[in-house]
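Each chain, written out:
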Amino acid sequence: MRRILAAALLLLPAGAHAKDTLSVGMVLEPPHLDVTAGAAAAIREVTYANIYEGLTRIDAKGDIKPALAESWTVSPDGKTYTFKLRANAVFHDGTKFDCGVVKFSYDRAAAADSVNAQKPLFAAIAKTECPDPQTTVVTLSQPTASFLFNMGWGDAVMISPKSAATNKTNPVGTGPFRFKAWAKGDRVELVRNPDYWGEKAKLSAVTFRFVADPTAATAAMLAGDLDAFPLFPAPEALDQFKADKRFTVDVGSTAGKIIMSLNEAKKPFDDLRVRRALAYAIDRKQYIDGVLSGFGEPIGSHYMPGDAGYVDLVGAYPYEPARARALLAEAGIKPGFAMTITLPPPGYARKGGEVIAAMLEQVGITAKLAPMEWAQWLDIVFKQYNYDATLIAHVEPRDLGIYARESYYYNYKNPEYRALYEKYLAATEPAAQADLLGQLQRKLSADEPNVFLSTLPKIGVWNAKLRGMWENAPVPANDLTSVYWAE
Amino acid sequence: MGFDQPPFWRYLAWVGRFALGDLGTSYTYSVPVSELIGERAGVSIPLALMAITLSTAIAIPVGVAAAAWRGRPADAGIMGVTQIGVAMPNFWLGILLVLLFSVRLAWFPASGFAGWGGGVLQGLRSLLLPALALALPQAAILSRVTRSAVLETLGEDYVRTARAKGLGPAAALWRHAVPNALIPVVTILGLQFSFLLAGTVIIENVFTLPGLGRLMFQAIAQRDLIVVQDLVVLLAGSVIVVNFAVDLLYAALDPRLRHRGAA
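Residues numbered from 1 in each chain as written. Chains lettered and ligands numbered in written order. Predicted model: local features only at pLDDT ≥ 70, side-chain atom pairs only at ≥ 80, totals over all residues. Heavy atoms only, no water.

What about the packing of aromatic side chains?
All names here are of chain A.
Thinking step 1. Applying the stated criterion across every chain, the model contains 27 aromatic pairs over all chains.
Thinking step 2. Here the aromatic rings of W377 and F382 are separated by 6.0 Å at their centres, their planes lie at 25 degrees, and the arrangement is stacked.
Thinking step 3. Looking at F382, the relative accessible area reads 25%, which means it is partly exposed.
Thinking step 4. Judged by centre distance (6.0 Å) and plane angle (35 degrees), the ring pair of Y387 and Y409 falls under tilted. Of this pair, Y387 sits in the loop between helix 11 (374-383) and strand 15 (389-394) while Y409 sits in the loop between strand 15 and helix 12 (415-426), placing them 22 residues apart in sequence. (Phe/Tyr/Trp six-rings, centres within 6.5 Å; stacked < 30°, edge-to-face > 60°. Buried < 20%, exposed > 50% of the residue type's maximum accessible area, 1.4 Å probe, protein only. Helix = DSSP H or I, 4+ residues; strand = E, 2+ residues; numbered from the N terminus.)

A short note on helix 2 (residues 33-68) of chain B
Thinking step 1. Between its first and last C-alpha atoms helix 2 of chain B spans 50 Å; for 36 residues at 1.5 Å apiece the expected length is 52 Å, and the two agree.
Thinking step 2. Most pronounced at A41 of chain B, the bend in helix 2 of chain B amounts to some 35 degrees. (Expected span 1.5 Å × (residues − 1). Bend = angle between axes of the 7 residues up to and from the residue.)

Quick word on the nonpolar core
Thinking step 1. Of all hydrophobic cores here, the largest spans 68 residues; its most connected members are M221, F232 and F241 of chain A together with V150 and F207 of chain B.
Thinking step 2. If sequence neighbours within four positions are ignored, V150 of chain B has contacts with V64, A67, L173, A177, V178 and A181 of chain B.
Thinking step 3. By size, the runner-up hydrophobic cluster in this structure holds 67 residues, among which are Y280, L292, Y303 and A367 of chain A. (Core = buried A, V, L, I, M, F, W, Y, C linked by side-chain atoms within 4.5 Å. Contact = heavy atoms within 4.5 Å.)

So, helix 12 of chain A
Residue and element names in this part refer to chain A.
Thinking step 1. Taking 1.5 Å of rise per residue, the 12 residues of helix 12 would be expected to cover 16 Å, and the 17 Å separating its terminal C-alpha atoms lies within 8% of that figure.
Thinking step 2. Within the sequence span of helix 12, burial applies to Y417, L420, Y421, Y424 and L425. The arc that holds every buried residue of helix 12, seen down its axis, measures 140 degrees, which confines them to one face. Facing away from the buried side of helix 12 by over 90 degrees, the exposed positions are P415, E416 and K423.
Thinking step 3. The inward-facing, buried residues of helix 12 abut helix 13 (430-447).
Thinking step 4. Among the residues of helix 12, the N-terminal cap falls to N414, whose side-chain oxygen and the backbone nitrogen of E416 are separated by 2.9 Å. (Arc of directions from axis to C-beta. Polar contact = N/O pair within 3.5 Å; in protein donor to acceptor, adjacent residues only side chain to side chain.)

Side note on the interface of chain B and chain A
Thinking step 1. Opposite the 27 residues of chain B that make contact, chain A presents 25 residues.
Thinking step 2. Considering only the surface of chain B that becomes buried against chain A, Y29, V103 and R125 of chain B emerge as the three largest contributors, covering 22% of it.
Thinking step 3. Along the contact surface separating chain B from chain A lie zero salt bridges.
Thinking step 4. Counting the contacts that link chain B with chain A gives three residue pairs in polar contact (both at pLDDT 80 or more).
Thinking step 5. When the residues that make up the side of chain B that touches chain A are grouped by side-chain class, the tally is 14 nonpolar, eight polar and five charged. (Buried area = accessible area lost by both parts, 1.4 Å probe. Salt bridge = Lys/Arg side-chain N within 4 Å of Asp/Glu carboxyl O. Nonpolar A, V, L, I, M, F, W, Y, C, P; charged D, E, K, R; others polar.)

Re the sheet that holds strand 5 (residues 80-85) of chain A
Residues and elements named next belong to chain A.
Thinking step 1. Taken in spatial order, the four strands of this open sheet run 4-5-7-6, and their pairing is antiparallel. Single-partner strands in this sheet number two, and they are strand 4 (69-74) and strand 6 (125-132). With direction set aside, neighbouring strand axes in the sheet form an average angle of 20 degrees. (Pairing = 2+ DSSP bridges. Axes fitted to C-alpha atoms, helices over the stretch in contact; angles between N-to-C directions.)

Quick notes on the domain arrangement of chain A
All names here are of chain A.
Thinking step 1. As far as domains go, chain A holds domain 1 (17-25 + 170-253 + 458-485), domain 2 (52-166) and domain 3 (255-457).
Thinking step 2. Computed from C-alpha coordinates alone, the two centres of domain 1 and domain 2 are separated by 28 Å.
Thinking step 3. Taken together, the contacts link 18 residues of domain 1 with 19 residues of domain 2.
Thinking step 4. Here domain 1 packs against domain 2, burying approximately 1700 Å² in sum over the two surfaces, 57% of which is carbon and sulfur.
Thinking step 5. When the buried area of domain 1 at its contact with domain 2 is split by residue, V172, T174 and W197 rank highest and sum to 44% of it.
Thinking step 6. At the junction of domain 1 with domain 2, the criterion picks out one salt bridge.
Thinking step 7. Across the pair R57 and D479 runs a salt bridge whose closest N-O atoms are separated by 2.4 Å. (Domains from an automatic or database assignment.)

Shown next as structure tokens:
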């Protein structure tokens, strides 16, 4: 009997001693780990600030902070940026970080054959030069107000020429954590980088585990298998966690805008009346209450409440089904018109699809729901533009620029908007910038290229003893550089 | 890729590469499929073995006991419990086990697989709950099959003869009735083992285990067709191998089958 007890004790978890490891839950697994070659937010949630760093970085508050650039100066015309680089930064594979790396990274991202998901960020760069190894001079073709912010995005991180080709499976950066292993479908493991140039990470090892099922995620947190779930997929279980002293529940904001994208290249979505009708037909409050458990703010344009230059346009399209029906009739859409809404895996889309289909039914539109996995969604909707409508959260910060692109998946091609955006990019005065930002938002609200629904809340649950987790997510990231366990 | 070749040739080329162990490269992960399947088999095969061992260890004694106590309250009790076991879906049982042993008591992890790197015990610990969730419903079916098979042999002439020669009821049961009842039991076991290898999809999702079932699920969802194709062939192959092993076991269990050709 005693032997059985001893064996049973061995099966129990090891006793409590000072913990310096962390296991973090994530709903989605990244398709690969090269942040400069894919749009998936999951890549950033593993690698941003942990493995890869850029010249600048965006901190928990959404502010621009120096990273691999120690400091910088901007020329009076706003076109020339001179960066002073960190002298002691080294890549995980031993490659030295210097201006050659900066030039390589920016040239590669801007190149014609670049696979960077945010290539337009680099379009303004006319040339990158190296007067000496510790200095980089970037010349822009036109002043770009958001340049320093843009260079803090995951897409603008520094890549070693030696490892550029293999970063997808073996990411190499300059960050405070090194990549250790990736068990596909299960986990990615990182370890502390002992040769980090700055303050070393307090955690010795980090495991990102992929738990897609909300029930399994809840159980894994309650059982203590996971220490943190920064984007927790089961808002309905939050009350249980709030009542439990072992956990901290954090409801913060992201840069995410949940929208119903419409394919303007397809009839009848090219018709402004139809797009407006859809905007009148959807009750944003009901969507937020029913789908996001009330966490989320309605939006009237592709811009976050609280960001510089925000204009409140939520009232532009109140919930008025009668008006929607009238507009549809005017556009020649007969009751019973069928459209398909493609739904990627997150709850805001899968649950949201049901809610929105029920609302559209009220105005005589039959919405067929087509649930898809990410890979399929990225291919069919994002690459091939082959869809009617889709529910999606755009998590990139301050991304009004996507409506000025030559070609993007919702096919909004408006010369007036583009002209406005060019003007905004060229504006250097803060007041003029804010004014143009307001005009851009009003133009989007008037054209309603997509139906703007809600902000994407960041619902995080983690161990109450954990310190230094991001409360908000201004960029998609799980920055663990200053996370530690309180005694 | 050989797309200029006729489909038949491409098929033959694929079969040829498959036979040589080259399973191709996953579209999603850009790594060799054999590597993916190898990683996952390290979870699924131990899980299936554990489940089948538990299931057998529970079902045979219970089934034999129910047969021996036929008609008594204990038999009725066992039959009642096994009826619940047959009716209970394994994923539901899995959720209940997690609620009790992981969330409430915190004895076992609720999800994930610790890996074999941290020692065999750590690995077994993370597999015990899913193995139980798989094993109990199977044990319920198996014990009912065992009971009816043993009841049948208990009514045979040779058992009565053994009893008439003075053999005790227990000895007659274990020496004569049970060995002769094993054929249907082994048949069901073989079917269950095949099911366990291929059919753990739901349990692996409930427990977030990186096994073959979950790989199959993810591969189908992500249209990673090369992985689906390889897995289907491998699982079909393993079913054939298990069936063959069961056929060999028949011969070992029943001498009459061994000598049929000679007779």
